Amino acid sequence: MSQYAQTPHAAVNEVICDLRSDTVTRPDAGMRAAMAAAEVGDDVYGEDLTINRLEAVLAERAGKEAALFLPSGTQSNFVAVLAHCGRGEEVILGRGYHVYKYEAGGASALGGIVMDPLPVAADGGLSAADVASAVKEDDVHHPISRLLSLENTHNGKAVPLARMDDCIAAARGAGLAVHLDGARVFNAVTALGCDLAEIAGRFDTVSICLSKGLGAPVGSVLVGPMELIGRARRWRKMVGGGMRQAGVLAAAGLYALEHNVTRLAEDHARAEELATALRGLGAGKVEQNTNMVFFTPEDGDNAALGQALAKRGVVISAGGSGAIRMVLHKDVSEAGFAAVLSGIEAHYG
């Protein structure tokens, strides 16, 4: 079942808690005020001061020369791959990673990039041996291996630094560049107890999403070397990502970076509390990674749980079968979280 699939649920008078994703958050009053007060200009001309400030702030935090604000994480990854690879060249990545599985094959369909997907291990990382063996020899029968693309977090799992280092060493030893899909990299930073630069410094480019756990309404930032970001900026324009007075969006990102990074630990703690409650009921398999809980009901009746919670104003992705992903985020109120816990207990108690 795709994490993005639409979920049928019983009608409710009011939704008080939505656990489908941390993308469902809405700008709070402080963020809206920052957006309303934003200085704006024409970003295609490089004249939007708020976008320039956001790019400078994230480049500095990541320890990179430059940064580029984009409308979405998908476009950020896309222009990064295009900046690294030419048509017919190859990116090596995980079979379950977002770039391969959830971005509609855009790098291949629109960019002519070959993707070689590898198995993803239980901890969310790749095998360094698999990476090394996936690099193609210089032969006219093969695409040119150009880029390794990793992901952190993956399904909420914070991949350890040493685990990434092994794969990065294998890639760099073969002359490949390395990109990180860091859509939730601040969750990884929180879980691993490091700072952003410690992760970003290992990679040539990193895509950082602002509209997931950080709560901004839209936007991602790609960070990396000046020359690569320059190429990515040209690709952004070509694929329709050039925006004009978009400082109102960048202001939301700046507000999120200032106010919503350290509080991610609260989401992790709540996810752990939810996982503990589910385990205590003995109703199925439970896995918790950073702000995500994956629950597989023993009776296989996902829809029944979805309907029971919907009656209490709680929305989850309970369509189909397999694990139900429940994602904690800043818009889960105390009352909403209490409704989740009481609803699950009532259903399985």
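Residues numbered from 1 in each chain as written. Predicted model: local features only at pLDDT ≥ 70, side-chain atom pairs only at ≥ 80, totals over all residues. Heavy atoms only, no water.

1. Considering the side chain of R263
Here is step 1 of the chain: Inspection of the secondary structure assignment puts R263 in the loop between helix 11 (247-259) and helix 12 (264-281).
Here is step 2 of the chain: Among the polar contacts listed, one links the side chain of R263 to the side chain of D267, at a separation of 2.6 Å.
Here is step 3 of the chain: Filtering out sequence-adjacent residues up to four positions away, R263 remains in contact with G213, H329 and K330. (Helix = DSSP H or I, 4+ residues; strand = E, 2+ residues; numbered from the N terminus. Polar contact = N/O pair within 3.5 Å; in protein donor to acceptor, adjacent residues only side chain to side chain. Contact = heavy atoms within 4.5 Å.)

2. Notes on the packing of aromatic side chains
Here is step 1 of the chain: Tallied over the entire structure, the rule returns one aromatic pair.
Here is step 2 of the chain: Ring geometry for F295 versus Y348: centroids 5.7 Å apart, planes at 80°, classification edge-to-face. Remark: Y348 occurs in helix 14 (residues 334-348) and F295 occurs in strand 10 (residues 292-297); sequence separation between them is 53 residues. Pair check on accessibility: F295 and Y348 agree, each one buried.
Here is step 3 of the chain: Over the face of the ring belonging to Y45 we find R244, whose NZ or CZ atom lies 6.0 Å from the ring centre. (Phe/Tyr/Trp six-rings, centres within 6.5 Å; stacked < 30°, edge-to-face > 60°. Buried < 20%, exposed > 50% of the residue type's maximum accessible area, 1.4 Å probe, protein only. Lys NZ or Arg CZ within 6 Å of the ring centre and 35° of its normal.)

3. Points about the sheet that holds strand 12 (residues 324-327)
Note on sheets: strands pair through backbone hydrogen bonds, and any given pair is parallel or antiparallel.
Here is step 1 of the chain: One open sheet holds the three strands; their spatial order is 9-10-12, and the pairing between them is antiparallel. One side of each edge strand has no neighbouring strand; the edge strands of this open sheet are strand 9 (284-289) and strand 12. Across this sheet, the average inter-strand angle for adjacent strands is 20°, counted without regard to direction.
Here is step 2 of the chain: Bridge analysis of strand 9 against strand 10 gives six bridges, and the strand direction is antiparallel. Paired with E287 across the strands is F294, a residue of strand 10.
Here is step 3 of the chain: Across the sheet, helix 12 touches strand 9, strand 10 and strand 12, and the angle it forms with strand 9 is around 165°. (Pairing = 2+ DSSP bridges. Axes fitted to C-alpha atoms, helices over the stretch in contact; angles between N-to-C directions.)

4. Topic: helix 2 (residues 49-62)
Here is step 1 of the chain: Between its first and last C-alpha atoms helix 2 spans 20 Å; for 14 residues at 1.5 Å apiece the expected length is 20 Å, and the two agree.
Here is step 2 of the chain: Taken residue by residue, helix 2 has T50, I51, L54, E55, L58, A59 and A62 as its buried positions. Viewed end-on, helix 2 has its buried residues packed into an arc of 165°, placing them on one side of the element.
Here is step 3 of the chain: The residue sitting at the N-terminus of helix 2 and contributing the capping side-chain oxygen is D48; that oxygen lies 3.1 Å from the backbone nitrogen of T50. (Expected span 1.5 Å × (residues − 1). Arc of directions from axis to C-beta.)

5. Concerning the nonpolar core
Here is step 1 of the chain: Residues L58, L148, F186 and I199 are the most contacted members of the largest nonpolar core, which totals 54 residues.
Here is step 2 of the chain: Setting aside chain neighbours within four positions, we find L58 in contact with F186, L196, I208, L210, V221, V223 and L257. (Core = buried A, V, L, I, M, F, W, Y, C linked by side-chain atoms within 4.5 Å.)

6. Thoughts on helix 14
Here is step 1 of the chain: Relative to the 21 Å expected for 15 residues at 1.5 Å per residue, helix 14 spans 21 Å between its end C-alpha atoms, a close match to the ideal helical length.
Here is step 2 of the chain: G336, F337, A339, V340, G343, I344 and Y348 are the residues of helix 14 that are buried. End-on view of helix 14: buried residues confined to an arc of 155°, all on one side of the axis. Helix 14 presents E334, A335 and E345 as exposed residues on the side facing more than 90 degrees away from its buried surface.

7. Digging into the packing of helix 2 against helix 11
For any two helices packed against each other, one specifies the crossing angle of their axes together with the interaxial distance.
Here is step 1 of the chain: For the pair helix 2 and helix 11, the least separation of the axes is 8 Å and the interaxial angle reads 35°. Here helix 2 runs over helix 11; the crossing is left-handed. Residues T50, I51, R53, L54, V57, L58 and R61 of helix 2 touch helix 11, and the partners they reach there are G247, A250, A251, G253, L254 and L257.
Here is step 2 of the chain: In terms of residue class, the contact of helix 2 with helix 11 is built from eight nonpolar, three polar and two charged. (Left-handed = near helix turned anticlockwise from the far one by under 90°. Nonpolar A, V, L, I, M, F, W, Y, C, P; charged D, E, K, R; others polar.)

8. Points about the confidence of the model for the protein chain
Here is step 1 of the chain: Of all residues in the protein chain, 96% have pLDDT values of 70 or greater, and the mean over the chain is 95.
Here is step 2 of the chain: Here residues 6-10 is modelled with pLDDT under 50, and outside its nearest four sequence neighbours on either side it reaches 10 contacts, counting other chains as well. (pLDDT = per-residue confidence, 0-100.)

9. Overview of unusual backbone geometry
Here is step 1 of the chain: Between N152 and the following residue, T153, the backbone shows a cis peptide bond with an omega angle of 5°.
Here is step 2 of the chain: Structurally, the position occupied by T153 is in the loop between strand 5 (144-151) and helix 7 (161-173).

10. A short note on the sheet that holds strand 2 (residues 66-70)
Here is step 1 of the chain: Within the open sheet, the seven strands sit side by side as 2-8-7-6-5-3-4. Their pairing is mixed. Where the open sheet ends on each side, the last strands, each with one partner, are strand 2 and strand 4 (114-118). Within the sheet, the average angular offset between the axes of one strand and its neighbour, ignoring direction, is 20°.
Here is step 2 of the chain: Relative to strand 8 (residues 220-224), strand 7 (residues 205-209) is paired through four bridges, and the arrangement is antiparallel. From the neighbouring strand, I208 faces strand 8, where its bridge partner is V221.
Here is step 3 of the chain: Sheet strands touched by helix 2: strand 2, strand 7 and strand 8. Its angle to strand 2, the strand with the most contacts, is close to 130°.
Here is step 4 of the chain: Against the sheet, helix 7 contacts strand 5 and strand 6 (177-182), and its axis sits at roughly 170° relative to strand 5.

11. Brief notes about the environment of N152
Here is step 1 of the chain: Among the structural elements, N152 can be located in the loop between strand 5 and helix 7.
Here is step 2 of the chain: Spatially, the C-alpha atom of N152 lies 16 Å from that of A128, the residues being 24 residues apart in sequence.
Here is step 3 of the chain: Once you skip the residues sitting within four places of it in the chain, N152 turns out to touch K157, A158, V159, M164, L180, D181, G182, R184, V185, A188 and L192.
Here is step 4 of the chain: A distance of 2.8 Å separates a polar side-chain atom of N152 from the backbone nitrogen of V159.

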